[in-house]
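Secondary and tertiary structure notes
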Amino acid sequence: MTRPITLALVLLLAVSAFAGDVPLSANADRDALVAQLKRTEKRFLESVDGLSEAQWTFKSAPDRWSIAEAAEHITASESFIRTMVAGAMKETLAAPANQDEKILVALVDRSKKFKAPEPLIPTNRFTSPEATLGEYRKQRAETIQLASSDVDLRARGNNHFLLGPLDANGWFLFLSAHSERHTLQIEEVKADPNFPKQ
């Protein structure tokens, strides 16, 4: 075996061993993204686990959403936003547009309020907690499958309606942070002093 081949083999083995702990950048981004999507999924599902009908439908004020309405909004938003993510994955970015940190901090800030777009305003479209959560699980599984594709999410993206130029990784984080924002809303409802005990 010649020296250059030996050196190349040693380097290959070293990189392979190291890659188990620190993947290449694109893989690290993808792994972190999927972990984030799974984390916000788990947090949402735990926030609504075991609620009674009275708790599911409780409203702290007439103009506030119930947990049922917040859960419906999260579920309806999943495919709505994912359609925009899929569109961003088909477009090539002219320049880097990484806004991950901004998204993960700003979007979950509940001190800033936004009006939901008309198609995502709750209308009791899923009719029951079981139907809502079943549809959510299905939609989030499709989101995770799309996020796991081999598309370079940093090289793809387009103009986000709130954030301007945004890469596809950021679009996925926006979707994930959106569900977390409304999970925090659910926790606010549960913290209300008049929230039913059972």
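Read on for a plain summary of the structure.

Section: unusual backbone geometry
Here Asn124, not a glycine, exhibits a phi torsion of approximately 65°, which is positive. Mapping Asn124 onto the fold places it in the loop between helix 5 (100-106) and helix 6 (129-147). Note on Asn124: relative accessible area 53%, which makes it exposed. Phi at Thr127 is positive, roughly 70°, even though this residue is not glycine. Position of Thr127 among the secondary structure elements: in the loop between helix 5 and helix 6.

A short note on the packing of helix 6 against helix 7 (residues 168-191)
The contact between helix 6 and helix 7 brings their axes to 11 Å, and the two run at 155°. Between helix 6 and helix 7, the crossing angle belongs to the class labelled roughly antiparallel. As for the relative orientation of helix 6 and helix 7, their crossing is left-handed in sense. Only Phe172, Leu175, Ser176 and Ser179 of helix 7 make contact with helix 6, whose side of the interface consists of Arg140, Thr143, Leu146 and Ala147. Counted by class, the contact of helix 6 with helix 7 contains four nonpolar, three polar and one charged residues.

Brief notes about helix 7
An ideal rise of 1.5 Å per residue puts 34 Å on 24 residues; helix 7 measures up with 35 Å between its terminal C-alpha atoms. Counting buried positions along helix 7 yields 19 of 24 residues, so the element is predominantly enclosed. One side-chain oxygen of the residue at the start of helix 7 lies 3.2 Å from the amide nitrogen of Asn169, identifying that residue as Asp167.

Observations regarding the nonpolar core
Formed by 21 residues in total, the largest nonpolar core has its most connected members in Leu33, Leu37 and Phe172. Of all the secondary-structure elements, those providing two or more residues to this core are helix 2 (25-47), helix 4 (67-88), helix 6 and helix 7. Considering each element in turn, this core owes the most residues, seven residues, to helix 7. The residues contacting Leu37, other than those within four sequence positions of it, are Arg140, Thr143, Ile144, Ala147, Phe172, Leu175 and Ser176. Judged by nonpolar contacts, the second largest core, of 15 residues, contains Ala71, Ile74, Tyr136 and Val189.

Thoughts on the pattern of salt bridges
Taken as a whole and judged by the stated rule, the model has 14 salt bridges. The partner of Arg43 in a salt bridge is Glu180, with the nearest N and O atoms 2.6 Å apart. Residue Arg43 is found in helix 2, and its partner Glu180 is found in helix 7; the two are separated by 137 residues along the sequence. The exposure class assigned to Arg43 is partly exposed, which follows from its relative accessible area of 31%. We note a salt bridge from Glu187 to Lys190, for which the minimum N-O separation is 3.9 Å.

So, how was this worked out
Residues numbered from 1 in each chain as written. Predicted model: local features only at pLDDT ≥ 70, side-chain atom pairs only at ≥ 80, totals over all residues. Heavy atoms only, no water. Helix = DSSP H or I, 4+ residues; strand = E, 2+ residues; numbered from the N terminus. Buried < 20%, exposed > 50% of the residue type's maximum accessible area, 1.4 Å probe, protein only. Axes fitted to C-alpha atoms, helices over the stretch in contact; angles between N-to-C directions. Parallel < 35°, antiparallel > 145°, perpendicular 65-115°, else oblique. Left-handed = near helix turned anticlockwise from the far one by under 90°. Contact = heavy atoms within 4.5 Å. Nonpolar A, V, L, I, M, F, W, Y, C, P; charged D, E, K, R; others polar. Expected span 1.5 Å × (residues − 1). Polar contact = N/O pair within 3.5 Å; in protein donor to acceptor, adjacent residues only side chain to side chain. Core = buried A, V, L, I, M, F, W, Y, C linked by side-chain atoms within 4.5 Å. Salt bridge = Lys/Arg side-chain N within 4 Å of Asp/Glu carboxyl O.

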